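Breakdown of the fold
Single-letter residue listing:
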Amino acid sequence: QVQVVESGGGLVQPGESLRLSCTASGSIFSIQAMGWYRQAPGKQRELVASITSGGSTDYADSVKGRFTISIDNRKNTANLQMVSLKPEDTAAYYCNAEFGNRLYTRTYWGQGTQVTVSS
């Protein structure tokens, strides 16, 4: 059974930093990509950042220059370093992990971790 577990959320003040971690386990396939999404109350879930096993990254415009995603393929772990946090970054953050190969992929989601930016 594949599990995706996030950690590192919390309450911080504007301008502070947080580091989110995500670990995926239980698949017989290799990790292909991992990503972080967020969903604020009343809004749709949106991509924050994603990274492939080869290291290619993609970021939402709103977080470029402030957030950095990294991946450890051996540990199936993705970290999201967030600096200069803003109140508008407040949301539930979800990690996903894509396992598979050239012919097959499947994406799994974690339960989410809350990030609150408030003074």
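Before reading on, note that the structure itself is shown above.
My aim in this report is to walk through the structure given alongside it, one point at a time. Note that the coordinates shown come from a computational prediction; the quantities given were computed from them, not determined experimentally.

Rules used in this analysis
Residues numbered from 1 in each chain as written. Predicted model: local features only at pLDDT ≥ 70, side-chain atom pairs only at ≥ 80, totals over all residues. Heavy atoms only, no water. Phe/Tyr/Trp six-rings, centres within 6.5 Å; stacked < 30°, edge-to-face > 60°. Helix = DSSP H or I, 4+ residues; strand = E, 2+ residues; numbered from the N terminus. Buried < 20%, exposed > 50% of the residue type's maximum accessible area, 1.4 Å probe, protein only. Lys NZ or Arg CZ within 6 Å of the ring centre and 35° of its normal. Pairing = 2+ DSSP bridges. Salt bridge = Lys/Arg side-chain N within 4 Å of Asp/Glu carboxyl O. Contact = heavy atoms within 4.5 Å.

1. So, the packing of aromatic side chains
The final tally for this structure, using the stated rule, is three aromatic pairs. A centroid spacing of 5.0 Å and a plane angle of 40° characterise the contact between Phe29 and Tyr104, whose relative ring orientation is tilted. Remark: Tyr104 occurs in the loop between strand S9 (91–100) and strand S10 (105–109) and Phe29 occurs in the loop between strand S3 (18–25) and strand S4 (30–39); sequence separation between them is 75 residues. Seen in terms of ring centroids, Phe99 and Tyr108 are 6.1 Å apart; in terms of plane orientation they differ by 65°. Their pairing is edge-to-face. Each member of the pair, Phe99 as well as Tyr108, carries the same accessibility label: buried. In this arrangement the basic side chain of Arg45 is found over the ring face of Trp109, its NZ or CZ atom lying 4.8 Å from the centre.

2. Things to note about the pairing of strand S5 (residues 46–52)
Examined bridge by bridge, S4 and S5 share six bridges and lie antiparallel to one another. Looking at the pairing, Tyr37 lines up with Leu47 of S5. Adjacent in sequence and paired antiparallel, S4 and S5 are bridged by six residues, among which Gly42 carries a positive phi angle near 80°. Taking the residues that link successive antiparallel strands as the turn, the S5-strand S6 (residues 57–59) hairpin has four residues, and the phi of Gly55 there is positive, at about 100°.

3. Here's the deal with the pattern of salt bridges
Applying the stated criterion across every chain, the model contains five salt bridges. Linking Glu46 and Arg38 is a salt bridge whose minimum nitrogen-to-oxygen distance equals 2.8 Å. According to the relative accessible area criterion, Glu46 is partly exposed, its value standing at 36%. Residue classification places Arg38 among the buried residues on the basis of a relative accessible area of 7%.

4. Some remarks on the environment of Ser21
Mapped onto the elements of the fold, Ser21 is located in strand S3. Residue classification places Ser21 among the buried positions, given a relative accessible area of 17%. With 50 residues separating them in the primary sequence, Ser21 and Ile71 have C-alpha atoms 9.8 Å apart. Sequence-distant contacts of Ser21, that is, excluding residues within four places in its chain, are made with Val5, Glu6, Ser7, Trp36, Ala78 and Asn79.

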